Amino acid sequence: MTQFRPGRQVMVAGVGLHPFGRFPEKDLPTLALEAVVPALGDAGVQWRDIQVAYFGHVYYNGMSMGEGALGRLGLTGIPIINVENACSSGSTAFWQAYWGITTGIFDLALAFGAEKVPRGPVTVTAEDSPERYIGADHMMAGYALRMRRYMMETGASETALAQVAVKARQNASLNPYSHRKETHSVEDVLQSRMIADPLTLFQCCPTSEGAAAAVLVAEDALSRYSIDKTRAIRIAAAVLTSGGYNGKGSDHSAFSPYRTEPAALEAYEVSGLKPEDVDLVQVHDAATIGELQQLEALHLVPFGEAWRATEDGRTAITGDIPTNTDGGLLAMGHPFGATGIRMIHETVLQLRQEAGPRQVKNARVGLAECSGAGDVTTVHILTR
Amino acid sequence: MPESVDTRRLKLTNEERTEGVLLGFRCLECDTVIFGPGTFCQRCTSAKLEPIEFSQTGILYSYTVVRIPSAGWPGPVPYILAQVELSEGPQVLAELVDCLEDALEIGMPVELTLQLVQGEDSSAAKVVYKWRPANQPSPTAEVDP
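Quick notes on the rules
- Residues numbered from 1 in each chain as written.
- Chains lettered and ligands numbered in written order.
- Predicted model: local features only at pLDDT ≥ 70, side-chain atom pairs only at ≥ 80, totals over all residues.
- Helix = DSSP H or I, 4+ residues; strand = E, 2+ residues; numbered from the N terminus.
- Rg over C-alpha atoms; globule rule 2.2 N^0.38 Å.
- Buried ≥ 20, exposed ≤ 12 C-beta atoms within 10 Å, placed from the backbone.
- Contact = placed C-beta atoms within 7 Å.
- Core = buried A, V, L, I, M, F, W, Y, C linked by C-beta atoms within 7 Å.
- Pairing = 2+ DSSP bridges.
- Axes fitted to C-alpha atoms, helices over the stretch in contact; angles between N-to-C directions.
- Parallel < 35°, antiparallel > 145°, perpendicular 65-115°, else oblique.
- Domains from an automatic or database assignment.
- Nonpolar A, V, L, I, M, F, W, Y, C, P; charged D, E, K, R; others polar.

A. Looking closely at the overall build of chain B. A tally of regular secondary structure across chain B gives zero helices and ten strands. Relative to the globule expectation of 15 Å for 145 residues, the C-alpha radius of gyration of chain B, 16 Å, shows essentially globular dimensions. Expressed as lengths along the three principal axes of its C-alpha atoms, the size of chain B is roughly 45 × 35 × 30 Å. Out of the 145 residues in chain B, the part that is buried amounts to 37%. In chain B, once contacts between residues fewer than 6 apart in sequence are set aside, the share between residues at least 24 apart is 51%.

B. Inspection of the nonpolar core at higher detail. Counting residues in each nonpolar core, the largest one holds 164 residues, and the members touching the most others are A:V12, A:A111, A:F112, A:A213, A:A214 and A:L216. When neighbours within four sequence positions are excluded, A:L216 is seen to be in contact with A:V10, A:V12, A:A13, A:A97, A:Y98, A:I101, A:A109 and A:A111.

C. Representation of the interface of chain B and chain A in the model. Taken together, the 40 residues of chain B in the interface contact 28 residues of chain A. Elements that contribute at least two residues to the side of chain B that touches chain A include exactly β4 (33–35), β6 (57–66), β7 (79–86), β8 (91–96) and β10 (125–133) of chain B. Residue contributions to the side of chain B that touches chain A peak at six residues, all from β6(B).

D. Focus on the sheet that holds strand β10 (residues 365–372) of chain A. All names here are of chain A. Taken together, the nine strands give an open sheet; going across it, the order is β3-β2-β4-β7-β1-β8-β11-β10-β9, and neighbouring strands pair in mixed fashion. Looking at which strands have only one partner, the edges of the open sheet turn out to be β3 (80–83) and β9 (280–282). Taken pair by pair, the neighbouring strands of this sheet meet at an average axis angle of 20°, ignoring direction. Note: strand β2 (residues 52–56) against β3, four bridges, orientation parallel. Bridge pairing links G56 to V83 in β3. Taken strand by strand, helix α3 (residues 89–102) contacts β1 (10–21), β2, β3, β4 (108–116), β7 (209–218), β8 (233–241), β10 and β11 (376–383), and its axis lies near 170° from that of β4.

E. Looking closely at the packing of α3(A) against helix α12 (residues 336–351) of chain A. Residues and elements named next belong to chain A. In the contact formed by α3 and α12, the axes pass within 5 Å of each other and the chain directions differ by 55°. In this view, α3 runs oblique relative to α12, as classed from their interaxial angle. Facing α3, whose interface residues are S89, G90, S91, T92, A93 and F94, α12 presents F336, G337, A338, T339, G340, I341, M343 and I344.

F. Molecular detail of the domain arrangement of chain B. Residue and element names in this part refer to chain B. Along its sequence, chain B is carved into domain 1 (3–53) and domain 2 (57–133). One C-alpha centre belongs to domain 1, the other to domain 2, and the line joining them spans 19 Å. The interface of domain 1 with domain 2 comprises 14 residues on the first partner and ten residues on the second. Those elements giving two or more residues to the side of domain 1 that touches domain 2 turn out to be β1 (3–4), β2 (10–12), β3 (20–27) and β4. Each residue belonging to the side of domain 1 that touches domain 2 can be placed in one class, and the counts come to seven nonpolar, four polar and three charged.

G. The arrangement of unusual backbone geometry in detail. Between A:D197 and A:P198 the backbone carries a cis peptide bond, its omega angle lying at 0°. As for its position among the elements, A:P198 is in the loop between β5 (194–196) and β6 (199–200). Along the chain, B:V77 connects to B:P78 via a cis peptide bond; the corresponding omega equals -5°. Phi at B:R17 takes a positive value of approximately 65°, unusual for a residue other than glycine. Tracing the chain through its elements places B:R17 in the loop between β2 and β3. For B:R17, a count of 17 C-beta atoms within 10 Å puts it in the partly exposed group.

Pasting the structure below:
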C-alpha cells in the first residue's frame with residue numbers, strides 16, 4: 001500500500017460545516033464556502049495564507065468547481081485540485097492535504113467537500129452502461145446482498161440491524177446540522193418502505209446536500225500562523241487504499257469492506273495505536289449493514305459480532321465503542337464530497353470536548369473510516 | 001440482430017441469439033480466474049491471460065428483491081438481483097428469473113439464461129445474461145418485457 005512514511009507532524013487547525021439536507025436555493029459554491037469560511041475562522045487563519053486546496057465532489061456541476069468556489073474569496077493563485085473518488089472524495093481531499101504537508105511541500109492547506117446529490121437510487125456507472133440493462137448497478141441493492149449474507153453467516157437479526165438506524169437517529173437528534181432529526185423505533189425502521197430486501201428505507205442513508213471543510217497545518221508552523229495550539233488536533237495516521245484483488249475475480253465491487261482491514265492495520269501501525277485505544281469512531285454507514293461490517297474490519301469488535309455489540313448498546317455515545325456520534329451517513333446525511341470531511345469535523349469536535357450533548361467522555365483518540373465505489377477506503381486517526 | 005449487452009462478458013453462440021457463454025480470463029502465471037474484461041491479471045498483474053468460457057451454472061451466494069430500481073432499469077419491478085458464484089470462482093451479478101421469492105435460498109444451484117431486453121425509450125434491444133434456478137422446466141417466456 002502506501003510506500004511513504006509520514007514526515008512532519010500535521011494538525012487539524014480548524015473545521016467548518018454547512019448543515020446537511022436539501023438547499024435548493026443555494027448553488028454548490030455557496031454551500032462550499034459556508035463551510036470553508038467557518039473553517040478558516042475556526043483555525044484563525046486568513047484565506048490568503050492557504051497554500052493549497054483540495055476539493056472533493058462527485059456529481060457534475062460544471063468544470064473546476066473548486067476554483068469556482070474559492071475564487072469568490074480572492075484569486076490568490078494557489079494550486080486548487082478537484083478530487084473525485086466516489087463517496088471517499090472528501091476524505092481523499094483531506095488525505096492529499098495531509099500528504100502535501102507531511103512531505104514538507106506545504107505548511108497550510110485547505111481540504112473541503114460539497115455535494116448536491118440527486119434524489120433516487122445511487123448508481124456508479126454511466127447512464128448508457130451495460131449495467132443498466134443488467135440491473136446490477138444499484139448501491140443499496142449491493143448493501144442488501146451483503147446484509148442477507150451477513151445475517152446468514154452471523155445469525156444477526158433484522159432487529160439488530162434496525163438498531164443501527166435507531167442509534168443513528170438518536171445521535172442525529174442531538175446534532176443541529178443533521179439531515180434527519182426525527183427519531184425512530186426499531187418497528188418504525190423495519191416497517192418503513194422496502195428498498196431492496198431486507199433493506200428498508202430507514203436503513204439507507206438519505207441523498208443529501210451539504211459541505212464540510214478542514215484546515216490542516218504543519219505542527220512546526222503553528223506559531224507562525226498564530227494558531228491556538230490547545231485546539232489543534234494531531235493527525236496520527238492518514239491511509240488511503242483503492243481496490244485490491246479480493247479473491248473472487250469478479251467484475252463488480254466486492255460488496256464487502258475488504259479494503260478496510262489492510263488500511264486500518266496500516267493506520268494502527270503508523271500511529272502506534274491499537275484498536276482498544278480508539279475512544280470513538282466514524283464509519284461509512286451508507287446502510288446499516290455497512291456500520292457493522294466496518295466496525296469488524298477495523299478490529300474494534302471480532303468478526304460477526306458487531307450486531308451483538310450494537311444490541312448491547314456498546315456503539316452508543318455512552319458505550320465503549322461510540323460510533324457515528326453525529327448521526328453518520330444514515331441520519332446526518334450523505335453529500336458524497338462532504339462526507340469524509342464531515343467525519344473529520346465530528347472527530348475534531350469530540351477530541352476538543354466541543355461536541356455538546358453528543359460529547360464522548362474523555363475522548364482522546366478518534367478514528368474516521370470512509371469508503372467509496374472502486375473500493376476506495378480511507379482511514380484517519382486523530383489524537384488530542 | 002440484437003447484440004450482446006456487453007461483448008466482453010457475454011458471447012452469443014447461435015444464430016437465433018438465444019444461447020451464449022460468459023467470458024473471462026485465466027492467468028497463466030498464477031491461475032487466477034476473472035470474469036469480464038481484463039488486460040492484466042487482477043491478482044499478479046501478469047499479461048499472460050488466456051481467454052476462457054465459463055460453465056453455465058453457479059451457486060446463489062446472496063440475493064435481494066429490488067423494489068425501487070435505479071433510473072434506466074428497463075425490466076420488471078420488483079426484480080430479484082442475484083449474486084452468483086461460478087464454479088470457477090468469480091461472482092456475477094444479474095437478475096434471477098423464473099423463480100418465486102419464497103423459493104429463493106442461499107446455496108441453491110442456478111444456471112445461465114438469456115433474455116432479449118428492450119432498453120428504455122427507443123434504445124436498442126440487447127441480449128442480457130440472467131440466472132434461473134437450475135434443473136427447472138424450460139423458461140416460460142424468452143422475451144420480456
